[in-house]
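Here's the letter readout for the chains.
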Amino acid sequence: MARKPLPVFLERSSYRKRRLMDALKLLALFGTVLWMIPTLWPNASDTSVEPIATSRALFYVFGVWIILICLSALFVHRQPMPENGGREADKTP
Amino acid sequence: MTSLNVLIAVCLAYVALLFFIAFVAERAGVQGRGDWLLRSPLVYTLSLSIYCTAWTFYGAVGNAARSGLEYVTIYLGPSLVILGWWWILRRLVRIGRSHKVTSIADLISSRFGKSNVLAIVVTVMAVVTVTPYIALQLQSVTLSLSIFSAAEQGAVPDTSDANAPAFWIACGLALFTVLFGTRNLNVNERHHGVVIAVAAEAIVKLVALLAVGIFVVWGIAGGLPETLARIDASDLGTWQTSGSRWATLTFIAAAAFLCLPRMFQVMVVENEDEKHLRIASWAFPLYLMLISLFVIPIAVIGLEVLPEGSNPDLFVLSLPLSQGREGLAMLSFLGGFSSATSMVIVATLALSTMVSNHIVMPVFLYLHQGGASQSGDVREIVILSRRLSILAIIGFGYIYYQASGGSGALASIGLISFAGVAQFLPAMLGGIFWRGATRLGAMSGLGVGFLLWVFTMLLPSFGQGAVLSTDIFESGLFGLGMLRPQALFGIEGMDPIVHAVFWSMLLNTAVFAAVSLVTFPNPLERLQGAQFVNVFDHSPQTQGWNASVAESEDLMIMAQRILGSEEARALFADQALAQGLSGHLPEPTPDFLQLLERELAGSVGAATAHAMISQIVGGSAVSVHDLMAVADESAQMLEYSSQLEAKSKELSQTAAKLQAANTKLMQLSAQKDAFLSQISHELRTPMTSIRAFSEILRDTEGMRPLEKAKYANIIHSETIRLTRLLDDLLDLSVLENGQVTLNTQSGNLSDLLDQAISSALAGAANPIRIHRRRLNERLVLETDLDRLCQVFINLITNAQKYCSASEPELRIVVSEDQGGVVVDFVDNGDGIPLEAREIMFEKFSRIGAQDSNGAGLGLAICREIMTRLGGDVTYLSDAQGTGFRVVLAQPRAVAAQ
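On a predicted model such as this, the values are computed, not experimentally measured, just so you know. (Residues numbered from 1 in each chain as written. Chains lettered and ligands numbered in written order. Predicted model: local features only at pLDDT ≥ 70, side-chain atom pairs only at ≥ 80, totals over all residues. Heavy atoms only, no water.)

(A) Main features of the overall build of chain A. The helix and strand inventory of chain A stands at two helices and zero strands. Across the 93 residues in chain A, those meeting the buried criterion constitute 35%. In chain A, the share of contacts with a sequence separation of at least 24, taken over all contacts with a separation of at least 6, comes to 76%. (Helix = DSSP H or I, 4+ residues; strand = E, 2+ residues; numbered from the N terminus. Buried < 20%, exposed > 50% of the residue type's maximum accessible area, 1.4 Å probe, protein only. Contact = heavy atoms within 4.5 Å.)

(B) Here's a closer look at the overall build of chain B. Across its full length, chain B carries 34 helices and ten strands. Looking at chain B as a whole, 53% of its 897 residues are labelled buried. Counting contacts in chain B only where the partners sit at least 6 residues apart, residues at least 24 apart contribute 79% of the total. Accessible surface for chain B amounts to roughly 38,400 Å². Of this, 59% is attributable to carbon and sulfur atoms. (Areas by Shrake-Rupley, 256 points an atom, 1.4 Å probe, with all protein chains shown as cover.)

(C) The arrangement of the side chain of Gln 137 of chain B in detail. Structurally, Gln 137 of chain B is set in helix α8 (residues 116–153). Not counting the four nearest positions on each side in its chain, Gln 137 of chain B is found in contact with Thr 53, Ala 54, Ser 339, Ala 340, Met 343 and Val 344 of chain B.

(D) Spotlight on the packing of aromatic side chains. Applying the stated criterion across every chain, the model contains 24 aromatic pairs over all chains. Ring plane angle 10 degrees and centroid distance 6.5 Å describe the contact between Phe 284 of chain B and Tyr 287 of chain B, whose orientation is recorded as stacked. Taken together, the positions of Phe 284 of chain B and Tyr 287 of chain B, both in helix α14 (residues 275–293) and three residues apart, correspond to about one turn of that helix. In this pair, the class of Phe 284 of chain B matches that of Tyr 287 of chain B, namely buried. Site record: aromatic cluster; members linked through ring pairs are Tyr 51, Tyr 133, Phe 257, Phe 284, Tyr 287 and Phe 418 of chain B. Directly above the aromatic system of Trp 86 of chain B lies the positively charged group of Lys 25 of chain A, at a separation of 4.1 Å from the ring centroid. Just above the ring of Tyr 133 of chain B sits the side chain of Arg 262 of chain B; from NZ or CZ to the centre is 4.5 Å. (Phe/Tyr/Trp six-rings, centres within 6.5 Å; stacked < 30°, edge-to-face > 60°. Lys NZ or Arg CZ within 6 Å of the ring centre and 35° of its normal.)

(E) Fine view of the confidence of the model for chain A. Here chain A shows a mean pLDDT of 75. Residues at 70 or above account for 69%. When the criterion is pLDDT under 50, residues 82–93 of chain A qualifies, and its contacts beyond four places in sequence or with other chains add up to 21 contacts. (pLDDT = per-residue confidence, 0-100.)

(F) Seen up close, the side chain of Asn 508 of chain B. Along the chain, Asn 508 of chain B turns up in helix α23 (residues 496–518). Judged by relative accessible area, which is 1%, Asn 508 of chain B ranks as buried.

(G) Quick peek at the packing of helix α5 (residues 73–83) of chain B against α14 of chain B. Residues and elements named next belong to chain B. The interhelical angle for the contact between α5 and α14, taken along N-to-C directions, is 170 degrees, at an axis separation of 8 Å. Considering the angle they form, α5 stands roughly antiparallel to α14. Side by side, α5 and α14 meet where Tyr 75, Pro 78, Ser 79, Ile 82 and Leu 83 of the first sit next to Ala 280, Ser 281, Phe 284, Pro 285, Leu 288, Ile 291 and Ser 292 of the second. When the residues that make up the contact of α5 with α14 are grouped by side-chain class, the tally is nine nonpolar, three polar and no charged. (Axes fitted to C-alpha atoms, helices over the stretch in contact; angles between N-to-C directions. Parallel < 35°, antiparallel > 145°, perpendicular 65-115°, else oblique. Nonpolar A, V, L, I, M, F, W, Y, C, P; charged D, E, K, R; others polar.)

(H) Representation of the interface of chain B and chain A within the structure. At the junction of the two partners, chain B supplies 44 residues and chain A supplies 42 residues. At the boundary of chain B with chain A, total buried surface from both sides reaches about 3,700 Å², with 71% on carbon and sulfur atoms. Together, Trp 86, Trp 239 and Arg 278 of chain B form the three largest contributors to the area buried by chain B at its contact with chain A, with a combined 21%. Inspection of the region where chain B meets chain A yields zero salt bridges. Of all the elements in the fold, those that place two or more residues in the side of chain B that touches chain A are α5, α6 (89–98), α11 (224–233), α12 (243–259) and α14 of chain B. The biggest single contributor to the side of chain B that touches chain A is α14 of chain B, with eleven residues. Split into classes, the residues belonging to the side of chain B that touches chain A amount to 25 nonpolar, twelve polar and seven charged. (Buried area = accessible area lost by both parts, 1.4 Å probe. Salt bridge = Lys/Arg side-chain N within 4 Å of Asp/Glu carboxyl O.)

(I) Looking closely at a nonpolar patch on the surface. Nonpolar side chains collect at one region of the surface, where Leu 17, Phe 20, Phe 23 and Val 24 of chain B lie side by side and expose about 390 Å² of accessible area between them. Within the secondary structure, Phe 20 of chain B sits in helix α1 (residues 4–31). (Patch = residues over 30% accessible without salt bridge, like charges linked within 9 Å, V, L, I, M, F, W, Y side chains within 5 Å.)

(J) View of the nonpolar core. Ranked by internal contacts, the top residues of the largest apolar core, which has 198 residues, are Trp 65 of chain A together with Tyr 51 of chain B. With 17 residues, helix α10 (residues 192–221) of chain B is the single largest residue contributor to this core. Trp 65 of chain A has contacts with Trp 35 of chain A together with Val 72, Tyr 75, Leu 76, Ser 79, Pro 285, Leu 288, Met 289 and Ser 292 of chain B, leaving out every residue within four places of it along the chain. Judged by nonpolar contacts, the second largest core, of 45 residues, contains Leu 732, Leu 779, Leu 785 and Leu 869 of chain B. (Core = buried A, V, L, I, M, F, W, Y, C linked by side-chain atoms within 4.5 Å.)

(K) Summary view of the packing of helix α4 (residues 54–67) of chain B against helix α16 (residues 315–322) of chain B. Residues and elements named next belong to chain B. Where α4 meets α16, the closest approach of the two axes is 8 Å, and the angle between their N-to-C directions is 85 degrees. With respect to α16, the element α4 is oriented roughly perpendicular. Packed against α4, whose contacting residues are Phe 57, Tyr 58, Val 61 and Ala 65, the element α16 presents Phe 315, Val 316 and Leu 317 at the interface. A breakdown of the residues in the contact of α4 with α16 according to their chemical character gives seven nonpolar, no polar and no charged.

(L) Structural view of the environment of Phe 294 of chain B. Residues and elements named next belong to chain B. Structurally, Phe 294 can be placed in the loop between α14 and α15 (295–305). For the pair formed by Phe 294 and Leu 210, sequence separation is 84 residues and the distance between their alpha carbons is 7.1 Å. Discounting residues that sit within four places of it in the chain, Phe 294 has contacts with Leu 210, Gly 213, Ile 214, Val 217 and Trp 218.

(M) Quick look at the pattern of salt bridges. All names here are of chain B. This structure, assessed with the given rule, holds 18 salt bridges over all chains. Between Arg 774 and Asp 754 there is a salt bridge; the shortest N-O distance is 3.1 Å. Separated by 20 residues along the polypeptide, Arg 774 in the loop between β4 (769–772) and β5 (779–783) and Asp 754 in helix α31 (residues 749–761) bring together distant segments of the chain. Among the ionic pairs, Arg 885 bridges to Asp 824, the shortest N-O distance being 2.8 Å.

(N) Examining the environment of Ser 322 of chain B more closely. All names here are of chain B. Mapping Ser 322 onto the fold places it in helix α16. Residue classification places Ser 322 among the partly exposed residues on the basis of a relative accessible area of 40%. In this structure the C-alpha to C-alpha distance between Ser 322 and Pro 307, which are 15 residues apart in sequence, comes to 9.8 Å. When neighbours within four sequence positions are excluded, Ser 322 is seen to be in contact with Val 305 and Leu 306. Within the structure, Ser 322 has its side chain in polar contact with the side chain of Gln 323 (distance 3.5 Å). (Polar contact = N/O pair within 3.5 Å; in protein donor to acceptor, adjacent residues only side chain to side chain.)

(O) Examining the sheet that holds β4 of chain B more closely. Residue and element names in this part refer to chain B. Reading across from one edge, β4-β6-β7-β9-β8 is the order of the five strands in this open sheet, with mixed pairing throughout. Pairing within the sheet leaves two strands with one partner each, and these edge strands are β4 and β8 (871–875). Along the sheet, successive strands turn relative to each other by an average axial angle of 15 degrees, direction set aside. Where strand β6 (residues 809–817) lies against strand β7 (residues 820–827), eight bridges are found, and the strand directions are antiparallel. Looking across to β7, one finds that Leu 810 is bridged to Asp 827. (Pairing = 2+ DSSP bridges.)

(P) The arrangement of the pairing of β6 of chain B in detail. Residue and element names in this part refer to chain B. Bridge count for β4 against β6 is four bridges, and the pairing is parallel. For His 771, the partnering residue across the bridge sits in β6 and is Arg 811. Linking β6 back to β7 in an antiparallel pair, the connection comprises two residues, with Gly 819 at a positive phi of about 70 degrees.

(Q) Region of the structure containing the confidence of the model for chain B. Residue and element names in this part refer to chain B. Taken over all residues, the pLDDT of chain B has a mean of 79, while the share at 70 or more is 85%. In the model, residues 371–375 has pLDDT below 50 throughout and makes 15 contacts with residues more than four positions away in sequence or in other chains. Scoring the predicted complex yields pTM 0.65 and, for the interface, ipTM 0.84.

This is the structure in structure tokens:
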């Protein structure tokens, strides 16, 4: 299906919308990376290093959670409803 | 002290309230009121909380009490999935809506060519994997009841005699689900009532857990800093989770979130609007975060406060009870009850849809071959089969609960289920992202993953020696060390869950990909694959029906039995109206059949709907052969049309030739007319003067002899002119009729040309200058020399007469061609106009008005003569001036020595 060719360069607001869309798409990746960091933490069985206190771990995990929720809410509400991969949002005047 | 009876009364009241809510919502849904609530993203988000079951409510605390923060992975996975909604969920929801998918089995079977076998495989797997989960709910409710009864009796809770309540709970849940879930049939009409009830229960469980959490943190521990200090000081005070378990559990939870039949039901099937996903993308992680927020505090304080040996799975209940907060305990119990009931309702609903659509209905249709339109009421049978499925599924759950002894920790049972449904992930994601995924690939991947899951996770979960003997655990299946259920391929020391998930998912994916790569999908699979993968590009159209045989009436009867007679009539009447027909029955156009199939698919699943329509339409399900036939047909048509094209080209060429011939004929006819008037003029002119002068001679008296001689001369010369004209005509007619006899002699060309030139130029006042190369002319010819000479004379005379140059010249060039002599006569005149060249060799053709005394027969005679002599005379169009070429076929032209 022939799509109408999109402009190569966008005006500022469309450009921002697109980057917002990118951020929204990357959010899950960002969250995955942050939440997989605990796999690097020293295990309780490893006695050579000071283990991570559970309260710190709680702060970390729930802190990431809150950040992700806020970012997601921000991105979603800044972004008008995209159809078909957000291309509709790229209309230039 | 809360008595059991009060508890049961509260439960019943709660259930009655749920019924009431569901009833009101359903009424509102039917009447189209309350859309702002029924179709709001809030309700959608809350309904997603069906993910949080009794496992969450009780089991998370138990899990946290045993292994610290690990429990949170079960919520991190789904959070990531819904944060990444744009990638997978958006696609799933779009596919679900455009293809009227009713379940995950329907999705997978639909994607892989509406394969019923695959649907059955997925359904069976789903039933097997979800059964432990349902058992888990039974167990948790039974446990929570037991703790109240124990508290009543003042004894330590004892779970061994809990079988009787478990049975009644199972019955209650079954009744509840049957009443709730099978009231209306079409899954695509969506269970407004169920969804609203689930949303209400979501609020109850969140509020209950938060209330207990707040009570624990601020009521028992004395504030946030104190709680944190007590956490760090407890046994759970340090990070204990291994990295591999952390990552594996997150992954498995994410996979299960996508693949669990009940999640698929609320997330995809019950989805009203894709936009709801956007709200849910932050609201649902928020819900998950809140529900898991107080788990660690409850676990830590529970371990501290409660007596040694208390079941940590029930801390949520036993903590408030131990503090004498019965109201809170009651709320907490309701929360747990909500979690269990909502999960069981939606899960059995989803499963029963799958079982009835993919197992019962196909079997029914098979047993009633060709009877979809004649036999009994299919609608009743669908509902009955659903109800029976519900009972069976809950029955399985109860049996599993009995068999496993109700002793396992809640979390580990839940994980077994999760790992089981995660086996759907490769086929599902492969199906919606990869067009190359094939049915055989999906089937093999699912099979391998499922077998590995059974062997490494499900069977060992009953304990060593229960189903698998201790021997198998130690030395492997069939004594093969490679096949130990918890150390496959001889790799030991992995955590059992990580081990099972790792191997089953890895081999599942690998086999799926490998088999897909080497097999070839059938056309329907490829069509569906393209539609699923490119769901955002395509208008959602599946393949059409060839409806030539389909009877609208039969379709109507069948549709009535599945959709209900009112709905079916309305649908048919709408379609008839849309087609511009006045009756109630629309024409069975492919579009209509497709729409009908979609509608039916909403009730009985895509594969069954496809099969039912194909029965009526006359078994015209698109098979490979059909498609091949279609392809052949179009190839034939292409060939035929190219043949037609060639023929029409030929025809138009012929027409052009005819046109040309006709034009020539017209020219000839015009010429002949022109000649006739010319010839009559030519004949008349001398005749007139002959008559006039002979009359003068006859009538004039006393004419002088000189005058007489003059007049007689005129008469004589006119007679000669007439004679010449008649001679020419006669000559031509003789030549044309082939009556001429040739007088073959041999002679020298040079001499012949000399003779011709002297004859032609004899008596000319201003003879044309002739250029010749005599050296080339020394050839001996064997032909009718007189006739040839006549041709030469004619050509030279023409040049003499018509050359328009001021100093006319004629070059006579003789050359030898292959087996012939060529004589060119080229003058320095203007040449002959293009349009005249065509006809100048015809009889009576005269060029221009200058040719006053010729009759236009000369060149025609020349051509006739040359044809007789076996040669030709042609116009030399590339000569400088007017040129004629005489070609004389000569077997051997010998140079005259």
